[in-house]
Amino acid sequence: GAGVSQSPSNKVTEKGKDVELRCDPISGHTALYWYRQSLGQGLEFLIYFQGNSAPDKSGLPSDRFSAERTGGSVSTLTIQRTQQEDSAVYLCASRFDRNTEAFFGQGTRLTVV
Amino acid sequence: GIQVEQSPPDLILQEGANSTLRCNFSDSVNNLQWFHQNPWGQLINLFYIPSGTKQNGRLSATTVATERYSLLYISSSQTTDSGVYFCAVLYSSASKIIFGSGTRLSIRP
């Protein structure tokens, strides 16, 4: 596609429910990142995928968070048993390689009530 | 540890003024980008600039990799320039993009 696409744009969920957030990177981009941005805050790294290598999961805040990238393309971020502190905008980015620029999607605004 | 520091944290200017935003980083970089986050939260790519100077209209950027800093210049500011400007770095030794804390720019009409 023309850009990084994320869905849904907005998600309201009840505390304790599981949610899945989707990211479609730019075609051909081998690297994919997930970040989280709480209201008025900076960007917090969550996870990084590079080709077929093992992902860098060092930013996942708890074992309730997981992500996968199928076929080197689409990625899904799953949050289990959501908590109110999970409310944030979740941003996905992709890039072709380390020496090219990254592009971000429009984000998914998650609200846990 | 590895850091990205931006200054100033906040900047309020009148329309038409010029501004300089700074990004300091602490190690050699593969990659440095400047982003503008608009009031709707979208991150807009401004510059991919691991070294050298680039210009795009009223905006320009310079990265001096040997001295570990980058500058973003905005000339003749417009109200649509308001928002948060982020510097983002990919260090040679790391896999994740590290963001500075941003400069919040407010342009008054």
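This text follows the structure it describes.
Residues numbered from 1 in each chain as written. Chains lettered and ligands numbered in written order. Predicted model: local features only at pLDDT ≥ 70, side-chain atom pairs only at ≥ 80, totals over all residues. Heavy atoms only, no water.

### Concerning the overall build of chain A
Secondary structure assignment for chain A yields zero helices and 10 strands. Expected size for 113 residues packed as a compact globule is a radius of gyration near 13 Å; at 13 Å, chain A falls within 12% of this value. Once the C-alpha set of chain A is aligned to its principal axes, its extents read approximately 40 × 25 × 25 Å. In chain A, buried positions account for 46% of the 113 residues. A total accessible area of about 5,400 Å² is found for chain A, and carbon and sulfur atoms account for 46% of it. (Helix = DSSP H or I, 4+ residues; strand = E, 2+ residues; numbered from the N terminus. Rg over C-alpha atoms; globule rule 2.2 N^0.38 Å. Buried < 20%, exposed > 50% of the residue type's maximum accessible area, 1.4 Å probe, protein only. Areas by Shrake-Rupley, 256 points an atom, 1.4 Å probe, with all protein chains shown as cover.)

### Notes on the overall build of chain B
Scanning chain B from N- to C-terminus turns up zero helices and 11 strands. In sequence order, the secondary structure elements of chain B are arranged as β-β-β-β-β-β-β-β-β-β-β. For 109 residues, the compact-globule formula gives about 13 Å, and the C-alpha radius of gyration of chain B, at 13 Å, lands near that figure. The principal-axis extent of the C-alpha atoms belonging to chain B is close to 45 × 25 × 20 Å. Evaluated residue by residue, chain B yields a buried proportion of 50% over its 109 residues. Look at the contacts in chain B between residues 6 or more apart in sequence, and 55% of them connect residues 24 or more apart. With an accessible surface of roughly 5,000 Å², chain B has 48% of that area assigned to carbon and sulfur atoms. Charge centroids of chain B, computed over 7 positive and 6 negative side chains, lie 4 Å from each other. (Contact = heavy atoms within 4.5 Å. Lys, Arg positive; Asp, Glu negative; His and termini not counted. Charge placed at Lys NZ, Arg CZ, Asp CG, Glu CD.)

### Some remarks on the sheet that holds strand β6 (residues 52-56) of chain B
All names here are of chain B. Spatially, five strands are ordered β1-β3-β8-β7-β6 in an open sheet, and the strand pairing comes out antiparallel. The open sheet has two edge strands, β1 (4-7) and β6, and neither has a second partner. Going across the sheet, the axis of each strand differs from the next one's by a mean of 15°, ignoring polarity. Note: strand β3 (residues 19-25) against strand β8 (residues 69-74), six bridges, orientation antiparallel. Its bridge partner being in β8, L21 is matched across the sheet by L72. (Pairing = 2+ DSSP bridges. Axes fitted to C-alpha atoms, helices over the stretch in contact; angles between N-to-C directions.)

### Thoughts on the interface of chain B and chain A
Contacts between chain B and chain A engage 19 residues on the former and 19 residues on the latter. Roughly 1,700 Å² of surface becomes buried between chain B and chain A when both sides are summed, with 47% attributable to carbon and sulfur atoms. Inspection of the chain B/chain A interface yields zero salt bridges. Linking chain B with chain A are 14 residue pairs in polar contact (both at pLDDT 80 or more), by the criterion used here. Elements with a minimum of two residues in the side of chain B that touches chain A: β4 (29-37), β5 (43-48), β9 (83-91) and β10 (97-99) of chain B. Tallying contributions element by element places β4(B) first for the side of chain B that touches chain A, with five residues. (Buried area = accessible area lost by both parts, 1.4 Å probe. Salt bridge = Lys/Arg side-chain N within 4 Å of Asp/Glu carboxyl O. Polar contact = N/O pair within 3.5 Å; in protein donor to acceptor, adjacent residues only side chain to side chain.)

### Some thoughts on the side chain of A:R95
Here A:R95 shows up in strand β8 (residues 88-95). For the buried A:R95, which has no salt bridge, the nearest side chain bearing the opposite charge is A:D97, at an N-O separation of 6.2 Å. Among the polar contacts made by the side chain of A:R95, one reaches the side chain of B:N31 at a distance of 3.4 Å. Leave out the neighbours within four places in its chain, and A:R95 touches A:H29, A:T30, A:A31, A:Y33, A:T100, A:E101, A:A102, B:N31, B:Q33, B:L90 and B:I97.

### Some details on the environment of B:S60
All names here are of chain B. When you line up the elements, S60 lands in strand β7 (residues 59-64). On the basis of relative accessible area, S60 is assigned to the buried category, the value being 16%. Separated by 14 residues in sequence, S60 and L46 have C-alpha atoms that sit 9.0 Å apart.

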